[in-house]
Amino acid sequence: MKTINLLLLLFVFGSTTHAQLTPTLNDIWIPMSDGDSLSADVYIPSTVTTGEVILVQTPYNKNGFQLGLPLGIGSNLDNQAYIWVIVDWRGFYGSSGADLSNVDRAQDAYDICDWIVAQTWHGDRIGTWGPSALGGVQYQLCTTHHPNHTCAVPMVATGTQSYESYFYGGVLEEARLNQLDALGYGVSTVVMANVYDSFAWDIADNNSWYADDISIPTLQIGGWYDHNIDMMMTFYKDARSMADVAVQDEQWLLVGPWVHGGDGAAYVGSPNQGQLTYTNAAYKSDSMAWDFFNYYLLDSVNNWQNTDLITYFDMGGTDTWLTSNADDIAIPNYDILYLDQNGGLISSTGIDSSTFISDPSNPSPTIGGATLSQFLDQGPYDQSSLDARTDIVTFTSAALNQDVSITGRIQLDLWISADQADCDISVRLVDQYPGGENMLITDGIKRMRFRNNDYTQSGEVFMVPGEVYNVQVDLPFTQYTWKAGHKIKIYVGGNHAIRFNVNLQDGGTMYQAGSGNIANISVHHNSTYPSQIKLPGNNTTLDLANESSTTFKLYPNPATDKLFIQTNKAINRIKIYNTNGKEVLKENNVSSAIIDIASFQSGMYFIQLTFADQTTLVDKFIVK
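Rules behind the numbers
- Residues numbered from 1 in each chain as written.
- Predicted model: local features only at pLDDT ≥ 70, side-chain atom pairs only at ≥ 80, totals over all residues.
- Heavy atoms only, no water.
- Helix = DSSP H or I, 4+ residues; strand = E, 2+ residues; numbered from the N terminus.
- Buried < 20%, exposed > 50% of the residue type's maximum accessible area, 1.4 Å probe, protein only.
- Contact = heavy atoms within 4.5 Å.
- Areas by Shrake-Rupley, 256 points an atom, 1.4 Å probe, with all protein chains shown as cover.
- Lys, Arg positive; Asp, Glu negative; His and termini not counted.
- Charge placed at Lys NZ, Arg CZ, Asp CG, Glu CD.
- Pairing = 2+ DSSP bridges.
- Axes fitted to C-alpha atoms, helices over the stretch in contact; angles between N-to-C directions.
- Phe/Tyr/Trp six-rings, centres within 6.5 Å; stacked < 30°, edge-to-face > 60°.
- Core = buried A, V, L, I, M, F, W, Y, C linked by side-chain atoms within 4.5 Å.
- Polar contact = N/O pair within 3.5 Å; in protein donor to acceptor, adjacent residues only side chain to side chain.
- Parallel < 35°, antiparallel > 145°, perpendicular 65-115°, else oblique.
- Nonpolar A, V, L, I, M, F, W, Y, C, P; charged D, E, K, R; others polar.
- Salt bridge = Lys/Arg side-chain N within 4 Å of Asp/Glu carboxyl O.
- Disulfide = S-S within 2.5 Å.
- pLDDT = per-residue confidence, 0-100.

**Comments concerning the overall build of the chain**
- A count of helical and extended segments in the chain gives nine helices and 34 strands.
- Considering only C-alpha atoms, the chain reaches an extent of 95 × 50 × 45 Å along its principal axes.
- For the chain, buried positions account for 57% of its 624 residues.
- Taking the contacts inside the chain whose residues are at least 6 apart along the sequence as the reference set, 74% of them involve residues at least 24 apart.
- Summed over its atoms, the accessible surface of the chain is roughly 23500 Å², and 46% of this surface lies on carbon and sulfur atoms.
- The distance from the centre of the 30 positive side-chain charges to the centre of the 66 negative ones in the chain is 12 Å.

**Here's the deal with the sheet that holds strand β1 (residues 25-31)**
- Taken in spatial order, the 10 strands line up as β1-β2-β4-β3-β5-β6-β9-β10-β13-β14 in an open sheet, and their pairing is mixed. Of all strands in the sheet, those with a lone pairing partner are β1 and β14 (320-324), marking the two edges. Pairs of neighbouring strands in the sheet enclose a mean axial angle of 25°, with direction left out of account.
- In terms of strand pairing, strand β9 (residues 218-225) meets strand β10 (residues 251-259) through seven bridges, oriented parallel.

**Topic: unusual backbone geometry**
- Cis peptide bonds are those with omega within 30 degrees of zero, and the linkage from Y555 to P556 qualifies with -15°.
- Residue position: P556 is located in the loop between β28 (552-555) and β29 (562-567).
- Following N557, the chain continues into P558 via a peptide bond in cis, with omega recorded as 15°.
- Among the structural elements, P558 can be located in the loop between β28 and β29.
- The backbone of Y93 sits at a positive phi, close to 50°, despite the residue not being glycine.
- For Y93, the position within the fold is in the loop between β4 (83-88) and α2 (105-117).

**A few points about the sheet that holds strand β31 (residues 583-588)**
- Spatially, four strands are ordered β31-β30-β33-β34 in an open sheet, and the strand pairing comes out antiparallel. The sheet is open, and its two borders are formed by β31 and β34 (616-623), each paired with just one other strand. Going across the sheet, the axis of each strand differs from the next one's by a mean of 20°, ignoring polarity.
- Across eight bridges, strand β33 (residues 603-611) lies against β34 in antiparallel orientation. Looking at β34, one finds that F606 is bridged to K620.

**Side note on the packing of aromatic side chains**
- The tally for this structure, following the rule as stated, stands at 34 aromatic pairs.
- When the centroid spacing of 6.1 Å and the interplanar angle of 5° are considered together, the rings of W224 and F477 count as stacked. Linking W224 in strand β9 with F477 in strand β23 (residues 469-482), this pair joins segments that are 253 residues apart in sequence.
- Between Y605 and F621, the ring centres sit 5.7 Å apart and the planes meet at 20°, which makes this aromatic pair stacked.

**Points about the nonpolar core**
- W84, L219, F293, I425, W482 and I490 are the most contacted members of the largest nonpolar core, which totals 95 residues.
- By size, the runner-up hydrophobic cluster in this structure holds 22 residues, among which are L38, V42, C113 and L141.

**A closer look at the pairing of strand β30 (residues 571-578)**
- Of all eight residues making up β30, six are buried, and the element is well covered by its neighbours.
- Judged from the seven bridges that link them, β30 and β33 form a sheet pairing that is antiparallel. Following the sheet pairing, K575 is matched in β33 by Q608.
- Sheet topology note: the β30/β31 ladder contains five bridges and is antiparallel.

**What to know about the side chain of H122**
- Assignment of secondary structure puts H122 in strand β5 (residues 122-131).
- Engagement of the side chain of H122 in a polar contact is seen with the backbone oxygen of R125, the distance being 3.0 Å.
- Each residue touching H122, except ones within four places of it in the same chain, is listed here: T50, G51, E52, V53, I116 and V117.

**Here we look at the packing of α2 against helix α3 (residues 133-142)**
- α3 packs onto α2 with a crossing angle of 80° between their chain directions and a minimal axis gap of 8 Å. Considering their axes alone, α2 and α3 lie roughly perpendicular with respect to each other. Here R105, A106, A109, Y110 and C113 of α2 come into contact with α3, specifically with V137, Q140 and L141.
- In terms of residue class, the contact of α2 with α3 is built from six nonpolar, one polar and one charged.

**Observations regarding the side chain of D340**
- By the element assignment, D340 lies in the loop between β15 (334-339) and β16 (344-346).
- One buried charge, D340, has no salt-bridge partner; the nearest side chain with opposite charge is R573, at 8.3 Å.
- Sequence-distant contacts of D340, that is, excluding residues within four places in its chain, are made with I346, G350, I351, S354, F395, H525, Q608, T616 and V618.

**Re the state of the cysteines**
- Applying the stated rule across the entire model yields zero disulfides.
- Take C151: it sits in no disulfide, and the sulfur closest to it among the cysteines is that of C142, at 10 Å.
- C151 gets classed as buried once you look at its relative accessible area, which sits at 0%.

**Focus: the confidence of the model for the chain**
- Mean pLDDT over the chain stands at 92; residues scoring 70 or higher make up 95%.
- Every residue in residues 1-17 is under pLDDT 50, and counting partners more than four places away or in other chains gives 54 contacts.

**Re the pattern of salt bridges**
- Applying the stated criterion across every chain yields a total of 17 salt bridges.
- The partner of R90 in a salt bridge is D108, with the nearest N and O atoms 2.9 Å apart. On the criterion of sequence distance, the pair formed by R90 in the loop between β4 and α2 and D108 in helix α2 is long-range, its members being 18 residues apart.
- Judged by relative accessible area, which is 3%, R90 ranks as buried.
- For R449, the salt bridge identified is with D422, shortest N-O distance 2.7 Å. You can see R449 sitting in the loop between β22 (438-447) and β23 and its partner D422 sitting in the loop between β20 (404-418) and β21 (424-432), a full 27 residues away along the chain.
- By relative accessible area, which is 3% here, R449 ends up buried.
- Among the residues examined, D422 registers a relative accessible area of 0% and is labelled buried.

What follows is the structure in structure tokens.
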């Protein structure tokens, strides 16, 4: 079993005290029903004779908790009322010698609860706590319906083992899989033997989707920069309708501006996330967990029952907490911005296309985000270094005249062509600050051979070089507000490493060694191929400063030999395109607002005007 770094241990309990905490009962053995035993530590406050238990089951070494207990307790064990039982998973650390021939973590958890109940120092209730794998095992315990398991606080976890949990948009999240292997889970052999969606993944998914197994109150805690957040939001919604009827309205959700944790200084509850600090979000996960545990384990009269069921943090604009009692906070409406030739995000369809080069030997680098790897930063980081790369094209709105808020899953509806049979399309959504920083909000990727959203081997469809294909790149569930004066910006590229596997772009077997092919990839954005970003919001208008302050009118329309432009600003450049996206006229240093169109064939055309302030607007006209 590999030794994991200290930062991962600190993430597990979020405490970094210098004093050493000595377990009341150290390295004791808890008997399992199969005849084996698991190693555990028990921490009992000196003021407690009998008390309620908070159980933590960990694959990350129970001895790490001697540096401090969770929820801000640190080494001051007596400064709280609970008995803490910390158990090493079967096969890990103190329990590494236990039989691994037929691991059943749900049964192990049940046996641990039975042992706790039999102890003279135990009251009658057991709460469970823990992030990531420590959260997933709580859901496994829920499947056993142990009579003393009273409530649970799983964090940044669902427990789900599905195709989508390893392959985002059909692309292996390689850095995370490597990290899981480094932590001793040993799942890569199975994952890499099943790189297509299949019946095997269906079985794994069905056996690990625990929403309908919940029969106790839960406080599910997630982070907007956690790789599990999208699945967590779906899981929570299912729990509100599929959990035992008696507790469907006792499922709470807290989502903060937090990373998954496990490497680096950021963790769930910490105010410092990536390059940003969220003071208003600091340790909300601790305070709500305390209230939750005290209510269900100690019968505290603390008004917890009146807490709104969902508490979530609005990043960007307000940096405040919002609440809801719905089971799904996604906004069902979309605000749409269209990609445009000059790197704009505009309110009407753009023109032409943008091309970039994707070289497998030099993939665009991962810079922060929802990562899990000792080699990668987590959380919000400035993406500005990507602007100079030739394998990235960017699209940016004009400055916003008012705040723009979104809640839900962002969709990129793109039209793509390439000169290779396959490629990846990666998208990063950022907030461009007035000072020029481009702070990451969320990102996603799609493998073009899976553009039809069928990830089975039979659903694999390669591209014909030069043909244009529609593809949807989905970004995870998020909540964000761009402030007035900021800009909405997206980076569109190909490979995105080391977080994601590098596509060799040769149309060959995936996940094989090789140098691959360089791909020339085009993003089309015109009336025929209207590439767009769909933002889940109820914004009356995406009030773009430049678009609202610059206006023009074409007349007559339809026209015959001359087209007149009436505008409130000086025009620098005029371009006209036919419906096939072919440029038929270009004028720089425009001196006249009258265009001779006598030689134009009958039909529809698109005119793009670039003004002196660099505002670019598009409209259409008809030639009779």
